[in-house]
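Next come the chains, spelled out residue by residue.
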Amino acid sequence: MSDADIDDDFDDDFVDDDDAKMVEEAETSVRTRLSSLEKRRLIDNLLEEKRLAKELKDEMDDLDDFDDDDDDWDDE
């Protein structure tokens, strides 16, 4: 076995390690990004639910005000 064969074997190991590190970093990045996107989606859904709840409450308040106005007409 020549020295060149030994050097080639070690070079392949280092390339594989670098590739493995790059893949691991990419996977970590993707997981982090997906986690952030999921959190953002949950926040957006919560904000939309709050907006809809406020809109419904405002509509109910308007209906209550309208009902109070009707009572005034009955008194006349």
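This is a predicted model, so every value here is computed, not measured.

### Here's the deal with the pattern of salt bridges
Move 1: Enumeration over the complete set of coordinates arrives at seven salt bridges.
Move 2: Where Arg-41 meets Glu-38, a salt bridge forms, and the shortest distance between an N and an O atom there is 2.7 Å. Taken together, the residues Arg-41 and Glu-38, both in helix α1 (residues 3-75) and three residues apart, mark about one turn of the helix.
Move 3: Close ionic contact of Asp-44 with Arg-40 constitutes a salt bridge, the shortest N to O distance being 2.8 Å. Here Arg-40 and Asp-44 lie together in helix α1, a separation of four residues that amounts to about one turn.
Move 4: On the basis of relative accessibility, which here comes to 36%, the residue Asp-44 falls in the partly exposed class.
Move 5: Classification of Arg-40 by relative accessible area gives partly exposed; the value is 45%.
Move 6: Salt bridges sharing partners connect three or more residues here, namely Glu-48, Arg-51 and Glu-55.

Cut-offs used in this document
- Residues numbered from 1 in each chain as written.
- Predicted model: local features only at pLDDT ≥ 70, side-chain atom pairs only at ≥ 80, totals over all residues.
- Heavy atoms only, no water.
- Salt bridge = Lys/Arg side-chain N within 4 Å of Asp/Glu carboxyl O.
- Helix = DSSP H or I, 4+ residues; strand = E, 2+ residues; numbered from the N terminus.
- Buried < 20%, exposed > 50% of the residue type's maximum accessible area, 1.4 Å probe, protein only.

Limitation: the analysis is restricted to geometry and does not speak to function.
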